[in-house]
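Structural characterization, general
Below, each chain spelled out in residue letters.
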Amino acid sequence: MRTSDIVIVGGGPAGLAAAVAAFDRGVKDLLILDREDTPGGILRQCIHNGFGLHKLGQELTGPEYAAHYVEEVKNRGIPVMSETMVTGISPELVVTAANKSGILKIQAKAVILAMGCRERPRGALNICGTRPAGIYSAGTAQKLVNCEGYLVGKKVVILGSGDIGLIMARRMTLEGAKVEAVCEILPYSGGLKRNIVQCLEDYDIPLYLSTTVREIHGRERLEGVTIAQVDEKRQSVPGTERFIPCDTLLLSCGLIPENELTRGAGVAMDRRTGGACVDQFRQTSLPGIYACGNVLQVHDLVDYVSDEAEIAGRAAADRVLGKAPAGETVETVPGNGVRYVLPQRVVKTGDEVDLFLRVTRPFGKSRFTVKAGEEVLASAVRPAVSPGEMEKIRVPAGKLNAAGGPITVSLEEMV
Amino acid sequence: MKYDVVIAGCGVVGAMTAREFSRYDLKVCVLEKENDVSMGASRANSGIIHGGYDPVPGTLKAEMNILGVPLLYEAAKDLSVPFKQNGSMVCAFGKEEEGAIRALYERGLANGVEGLRVLTGDEARELEPNLSKALTLALLVPTGGIISPYELTVAAMGNAMDNGADLKLNFEVAAVARTEEGFTVSSAAGETVTGRIFINAAGGFSDRVAEMAGDCDFAIIPRAGEYMILDKEAGDTVSRTIFQVPTKDGKGILVCPTVHGNLLTGPTALPVGDPESRETTPAGLEKVAFLAKKSVPGVDFSKVITSFSGVRSSVASGDFIIRASETVPGLIHLAAIDSPGLTSCVAIARRAVELAADCGIALTPKANWDGTRPDPDAFRRMTDEEKDACIKERPDYGHIICRCEGVSEGEIRDAIRRNPGARDVDGVKRRVRAGMGRCQGGFCAPYVMRLISEETGIPMVEVTKSGKGSRMITGGRIGEEADQ
């Protein structure tokens with residue numbers, strides 16, 4: 001059987017950054033398996049700018065950001081096997097993959113999962129009505145427009161104000177389509193503020209909050225949608241229904257980590273994140289299997305994906321080099337106002353640990369408190385928090401070792 | 001073009017009838033108004049092989065159902081269509097419905113259904129632990145099964161074509177003229193075919209086609225059934241098909257696994273004016289969820305991956321219409337084929353051949369007829385070693401296009417090349433499930449479009465989701481004038 005010290009599943013931003021970090025940590029025998037024909041992942045279709053400010057100190061487009069890491073991978077001579085789909089990972093770290101030359105099996109010493117995420121489809125939203133052509137997830141439309149060169153439609157309604165939806169509102173407009181509206185079922189947008197300004201307001205595209213698409217019309221191609229306002233329970237408010245003629249509906253209603261392989265391997269999952277349960281080194285419940293990037297938790301910026309991938313890459317390398325940290329572990333628990341905390345467990349190494357979390361709804365000025373039992377390990381104040389922005393709280397070195405029980409992170413709104 | 005047998009409609013009945021006729025030295029043609037086969041009731045139904053306990057003894061439904069079960073299992077095997085004899089269970093909740101269970105048991109015995117058993121609630125829950133605690137009595141039907149209805153239709157028509165039958169897509173019957181030699185059938189677009197025998201298998205439009213052919217004494221009553229399909233993660237909620245006690249509207253809401261491992265719930269039974277209605281409604285889907293939970297409270301509707309609606313065609317009598325016209329020689333009606341039509345399709349097709357023989361068609365068996373069809377899923381059933389060997393022959397089998405269902409480029413190309421070739425995105429989905437998984441085509445749709453375009457020569461901007469009018473791209477090629 002073919003062998004490789006570390007096999008990285010996915011050649012998007014997470015996989016590339018993890019490979020570079022593992023190499024720089026001292027493991028040279030790496031292999032990236034990627035299902036697309038060239039590495040870079042979803043970034044390749046994100047031709048807008050806004051990438052890299054945090055990580056690379058410059059504002060880049062998606063393909064430019066990807067190109068930076070592809071270059072880094074190339075410079076280190078790390079092989080990327082393209083058009084190669086991993087079909088299985090065993091707990092013994094045997095990776096099975098298929099490509100045009102056949103089925104390959106690779107025995108690894110560590111595996112890094114970096115498969116990314118996918119968009120929530122119409123079916124999962126369960127919108128009633130007909131099933132015509134013209135309903136796309138925003139990312140699919142983005143691929144057709146930016147990579148294939150086809151404008152999917154001319155008169156567009158977008159459901160969901162996630163960043164891809166906002167970006168596509170601008171993109172479709174620039175290519176000559178008319179974007180009639182962006183509807184968001186929540187009373188607030190999940191997208192970045194800058195995208196609301198630069199993609200909607202600058203183009204006079206209305207954003208309707210607490211509004212959703214109730215019905216889809218048209219037999220062959222989409223002919224229009226009925227939108228309606230919703231109450232706090234997301235039920236339609238009678239009398240607010242409105243028909244908007246359109247030939248295209250783009251859905252930007254959330255991203256779901258793509259964890260078929262993870263589940264197949266038998267890795268313990270977190271229902272809240274949709275990704276694996278990991279420790280602060282991004283090691284899953286199966287020793288030697290690491291996860292990072294959007295397959296683990298959906299990030300706000302690709303820069304943070306790269307950061308997380310570096311954690312996983314270094315840790316996987318340490319394991320291969322026999323330097324894996326050991327110690328007692330404690331669980332983390334989301335408390336009041338907190339939807340999830342990652343890592344889900346912490347190895348007590350004596351070092352500082354960063355906890356990442358998302359809140360359950362928007363709050364004003366808030367204080368986060370990290371506690372083990374009654375002991376406060378860390379606290380942080382934020383001027384405002386929203387589910388659209390991931391929070392990071394650092395637990396200082398030494399503090400954790402005293403923690404006897406589970407670590408709870410909770411939020412208190414300061415009035 | 002002159003044919004011996006012309007069949008209007010390529011649902012499961014039309015396709016299976018074409019296959020039965022293809023056994024003989026006859027020229028057979030099927031006319032289908034859509035861009036693909038299996039676009040009416042055969043596209044969206046429960047996919048159940050019914051045991052035969054439900055139809056009233058003495059009806060055509062009872063006769064065809066009982067004859068049909070073993071014939072369908074045999075045809076499915078020959079055609080490599082996925083099916084499973086998973087057994088069914090009809091559930092009663094309380095005293096009133098228990099009487100209905102006993103009546104169904106008696107009716108099943110009268111119809112000749114084998115292996116029927118009445119179970120107590122506890123016995124039923126022992127077999128199906130997720131059944132409701134409120135269930136008090138159940139009828140176990142071991143001969144019941146599940147099958148993929150559209151894959152059966154595709155395979156039946158494909159096999160008929162492999163044996164010489166013709167298929168004309170986008171041929172909407174607009175006129176049927178009786179001639180000395182038989183019939184001349186014209187399409188809305190002006191194309192004509194002639195046949196000695198004309199078989200009306202036009203589903204929701206069979207009353208209109210009957211009228212065109214000059215003998216119509218029935219009116220189709222279309223009834224919509226809404227369904228929800230759940231992710232494979234919920235696929236093992238039940239292993240048998242779980243029915244409730246039938247009502248006048250049909251067999252009620254069922255919960256069952258599909259042959260591909262998803263969980264299916266539905267249908268409602270709402271009369272609709274339009275036999276082509278595909279609309280799901282908030283009330284319909286709510287009803288499905290509510291009633292499904294009555295049998296199986298643990299159905300997790302947060303795992304829904306898609307919902308759909310299909311129309312079945314009934315008539316007032318409630319029975320099938322399978323007969324040669326008494327006034328128009330050579331005209332045969334196969335109409336009002338609602339449930340258990342799928343179960344009965346091979347029996348109905350054989351009856352159609354007998355009726356044609358009665359009309360004077362000579363049945364000379366073909367020496368080289370082959371009723372088998374290679375398994376489109378053969379690749380995914382292979383061991384890794386076999387797959388490796390296969391990819392060496394056909395490298396495109398190693399290129400996975402649909403991530404959710406693991407469908408390769410090779411399988412998609414085959415679906416476009418094999419009879420009856422897929423011509424649109426949904427056609428590929430029905431044949432090899434690319435786009436049928438949890439992302440519902442989010443990743444693979446652009447690749448599938450490209451492969452259709454490459455294989456058929458249809459330009460990218462003309463590729464459709466599901467035939468005429470349903471173009472995937474309406475904004476044109478970027479940099480060129482958008483087409484109107």
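Note that this is a predicted model, so its numbers are computed, not measured.

Conventions and cut-offs
Residues numbered from 1 in each chain as written. Chains lettered and ligands numbered in written order. Predicted model: local features only at pLDDT ≥ 70, side-chain atom pairs only at ≥ 80, totals over all residues. Heavy atoms only, no water. Pairing = 2+ DSSP bridges. Helix = DSSP H or I, 4+ residues; strand = E, 2+ residues; numbered from the N terminus. Contact = heavy atoms within 4.5 Å. Buried area = accessible area lost by both parts, 1.4 Å probe. Salt bridge = Lys/Arg side-chain N within 4 Å of Asp/Glu carboxyl O. Buried < 20%, exposed > 50% of the residue type's maximum accessible area, 1.4 Å probe, protein only. Domains from an automatic or database assignment. Core = buried A, V, L, I, M, F, W, Y, C linked by side-chain atoms within 4.5 Å. Axes fitted to C-alpha atoms, helices over the stretch in contact; angles between N-to-C directions. Expected span 1.5 Å × (residues − 1). Arc of directions from axis to C-beta. Phe/Tyr/Trp six-rings, centres within 6.5 Å; stacked < 30°, edge-to-face > 60°. Lys NZ or Arg CZ within 6 Å of the ring centre and 35° of its normal. Right-handed = clockwise from strand over helix to strand, strands pointing away.

**Re the sheet that holds strand β4 (residues 83–84) of chain B**
Residue and element names in this part refer to chain B. Here we have 3 strands laid out as an open sheet, ordered β3-β8-β4, and antiparallel in their pairing. Strands with a single pairing partner mark the edges of an open sheet, and in this sheet they are β3 (48–49) and β4. In the sheet, β4 pairs with strand β8 (residues 145–147) via 2 bridges, with the strands oriented antiparallel. The residue of β8 that forms the bridge with Phe83 is Ile147.

**Quick look at the interface of chain A and chain B**
Facing the 49 residues of chain A at the interface are 56 residues of chain B. For the chain A and chain B pair, buried surface summed over both sides reaches about 4500 Å², with 52% attributable to carbon and sulfur atoms. For the chain A face of the interface with chain B, the top three residues by lost area are A:Lys100, A:Arg131 and A:Tyr150, together amounting to 17%. Where chain A meets chain B, there are 8 salt bridges. Ionic pairing is found between A:Glu148 and B:Arg450, a salt bridge with its closest N-O pair at 2.7 Å. Of all the elements in the fold, those that place two or more residues in the side of chain A that touches chain B are β7 (94–99), β8 (102–113), β9 (117–119), α3 (122–125), β10 (128–129), β11 (135–137), α4 (138–148) and α7 (260–265) of chain A. The greatest single-element share of the side of chain A that touches chain B, amounting to 5 residues, is contributed by α4(A).

**Considerations on the side chain of A:Thr284**
On the secondary structure map, A:Thr284 appears in the loop between α7 and β20 (289–291). Those residues in contact with A:Thr284 that lie beyond four places of it in its chain are A:Val267, A:Ala276, A:Cys277, A:Val278, A:Ile289, A:Tyr290, A:Ala291 and A:Arg345.

**Some remarks on the environment of B:Ile473**
Along the polypeptide, B:Ile473 turns up in the segment after α13 (445–456). On the accessibility criterion, B:Ile473 (0% relative accessible area) is buried. Here the alpha-carbon distance between B:Ile473 and B:Ala134, two residues 339 residues apart in the chain, equals 51 Å. Discounting chain neighbours no more than four positions away, the residues touching B:Ile473 are A:Tyr136, A:Tyr150, A:Leu151, A:Val152, A:Arg221, B:Met449, B:Met460 and B:Val461.

**Re the domain arrangement of chain A**
Along its sequence, chain A is carved into domain 1 (1–118 + 255–325), domain 2 (121–253) and domain 3 (327–415). Put simply, the middle of domain 2 of chain A and the middle of domain 3 of chain A, counted by C-alpha atoms, are 35 Å apart.

**Section: the nonpolar core**
Ranked by internal contacts, the top residues of the largest apolar core, which has 53 residues, are B:Leu152 and B:Met157. For this core, the elements supplying multiple residues, two or more each, are β1 (2–8), α1 (12–21), β2 (28–31), α2 (60–78), α5 (149–162), β12 (192–200), β20 (331–335) and α8 (341–358) of chain B. The leading source of residues in this core is α8(B), at 10 residues. Aside from chain neighbours lying at most four places away, what touches B:Met157 is B:Cys10, B:Ala15, B:Ala18, B:Val30, B:Val37, B:Ala165, B:Asp166, B:Leu167 and B:Pro420. Within the second largest apolar cluster, 44 residues are counted, among which are A:Ala138, A:Ala169, A:Val182 and A:Leu200.

**Description of unusual backbone geometry**
In this chain, B:Gly266 is followed by B:Pro267 through a cis amide linkage whose omega measures -5°. Note that B:Pro267 resides in the loop between β16 (263–266) and β17 (270–271). A cis amide bond links B:Asn419 with the next residue in sequence, B:Pro420, at an omega value of -20°. You can see B:Pro420 is positioned in the loop between α11 (409–417) and α12 (425–432). The phi torsion at A:Ser210 lies on the positive side, around 50°, for a residue other than glycine.

**Points about the sheet that holds strand β26 (residues 375–382) of chain A**
Residue and element names in this part refer to chain A. Taking strand neighbours across the sheet as the criterion, the 5 strands line up as β23-β21-β28-β25-β26 in an open arrangement whose pairing is mixed. Because the sheet does not close on itself, it has two edges, and the strands there are β23 (345–347) and β26. Neighbour to neighbour, the strand axes of the sheet diverge by 25° on average, direction disregarded.

**What to know about the side chain of B:Thr265**
Residues and elements named next belong to chain B. Tracing the backbone through its elements, the reader meets Thr265 in strand β16. Looking at Thr265, the relative accessible area reads 0%, which means it is buried. Leave out the neighbours within four places in its chain, and Thr265 touches Glu226, Tyr227, Met228, Leu254, Val255, Val288, Ala292, Val299 and Phe301.

**Things to note about helix α3 (residues 95–111) of chain B**
All names here are of chain B. The first and last C-alpha atoms of α3 sit 25 Å apart over 17 residues, in line with the 24 Å expected at 1.5 Å per residue. What α3 keeps buried is the set Glu98, Ile101, Leu104, Gly108 and Asn111. The buried residues of α3 occupy an angular sector of 140° when the element is viewed end-on, so they sit on one face. Exposed and facing more than 90 degrees away from the buried side of α3 are Lys95, Glu96 and Ala110. For α3, the secondary structure elements touched by its buried residues are α2, β5 (88–92), β6 (117–120) and β7 (137–141).

**Some points on the packing of aromatic side chains**
Summed over the entire model, instances satisfying the criterion amount to 5 aromatic pairs over all chains. Summarising the aromatic geometry, the rings of B:Tyr227 and B:Phe308 are spaced 4.9 Å apart at their centres and angled 20° between planes, so their arrangement reads as stacked. Here B:Tyr227, found in strand β13 (residues 221–230), pairs with B:Phe308, found in strand β18 (residues 304–314); they are 81 residues apart in sequence, far enough to count as distant. B:Tyr227 gets classed as buried once you look at its relative accessible area, which sits at 3%. Residue classification places B:Phe308 among the buried positions, given a relative accessible area of 11%. One residue, B:Arg178, lies across the ring of B:Phe183, its end atom 4.8 Å from the ring centre. Sitting over the face of the ring of A:Tyr150, B:Arg477 holds its NZ or CZ atom 4.6 Å from the ring centroid.

**With respect to the pairing of β2(B)**
All names here are of chain B. In β2, alternate side chains face the same way, and those of Val28 and Val30 on one face and Cys29 and Leu31 on the other are all buried. As judged from the 4 bridges shared by β1 and β2, these two strands associate in the parallel manner. Each residue of the ladder has a partner; that of Val5, found in β2, is Val28. A crossover connection joins β1 to the parallel β2 through α1; in handedness this β-α-β unit is right-handed. Pairing geometry for β2 and strand β9 (residues 166–168), over 3 bridges, is parallel. Paired with Cys29 across the strands is Asp166, a residue of β9.

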